[in-house]
Amino acid sequence: MSVNSRLVNPLTTQLFEAILLLENVDECYEFFEDLCTVNELHDMSQRLQVAKMLQEKEKYEQIEDVTGASTATISRVKRCLTFGADGYATILQRMKERKEKKE
């Protein structure tokens, strides 16, 4: 596991195990509505879209226009894509595979 060891603790593990029990998008909306503020959920959704667009080699200006993300957020996500734990890469690949299956 290439995860930052400072993140690993029983409460976080419990949270991730709970998320893995969600069975559909509706359950995700219900759980995350209770768990997060609207702004927190927006920020996480925005960062995922930024990562997707960076992986697709979009320019910062285009990413800013489409997502409303600041250049600081875009830079942070880019650092994670380049030097992070490969979490974005893993999920973006799975999303791509799922999309291709549906087509």
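Only a predicted model underlies this, so the values are computations on that prediction, with no experimental measurement involved.

A. Just the state of the cysteines, in detail. Applying the stated rule across the entire model yields zero disulfides. Left unpaired, Cys28 is separated from the closest cysteine sulfur, that of Cys36, by 11 Å. Residue classification places Cys36 among the buried residues on the basis of a relative accessible area of 15%.

B. Highlighting the packing of helix H3 (residues 38-55) against helix H6 (residues 87-102). In contact at an axis separation of 10 Å, H3 and H6 are set at 80° when each is read in the N-to-C sense. Viewed along their axes, H3 and H6 adopt a mutual orientation that is roughly perpendicular. In this structure, H3 contributes Arg47, Leu48, Ala51, Lys52 and Gln55 to the contact, and H6 contributes Tyr88, Ala89, Ile91, Leu92 and Met95.

C. Summary view of the nonpolar core. One finds Val50, Ala51, Met53, Leu54, Ile63, Ala69, Ile74, Val77, Tyr88 and Leu92 forming the largest nonpolar core, which totals 10 residues. Broken down by secondary-structure element, the contributors of at least two residues to this core are H3, helix H5 (71-83) and H6. Among the elements that line this core, the one with the most residues is H3, at four residues. The residues contacting Tyr88, other than those within four sequence positions of it, are Arg47, Leu48, Ala51, Val77, Cys80 and Leu81.

Basis of the calculations
- Residues numbered from 1 in each chain as written.
- Predicted model: local features only at pLDDT ≥ 70, side-chain atom pairs only at ≥ 80, totals over all residues.
- Heavy atoms only, no water.
- Disulfide = S-S within 2.5 Å.
- Buried < 20%, exposed > 50% of the residue type's maximum accessible area, 1.4 Å probe, protein only.
- Axes fitted to C-alpha atoms, helices over the stretch in contact; angles between N-to-C directions.
- Helix = DSSP H or I, 4+ residues; strand = E, 2+ residues; numbered from the N terminus.
- Parallel < 35°, antiparallel > 145°, perpendicular 65-115°, else oblique.
- Contact = heavy atoms within 4.5 Å.
- Core = buried A, V, L, I, M, F, W, Y, C linked by side-chain atoms within 4.5 Å.

The analysis is restricted to geometry; functional conclusions fall outside its scope.
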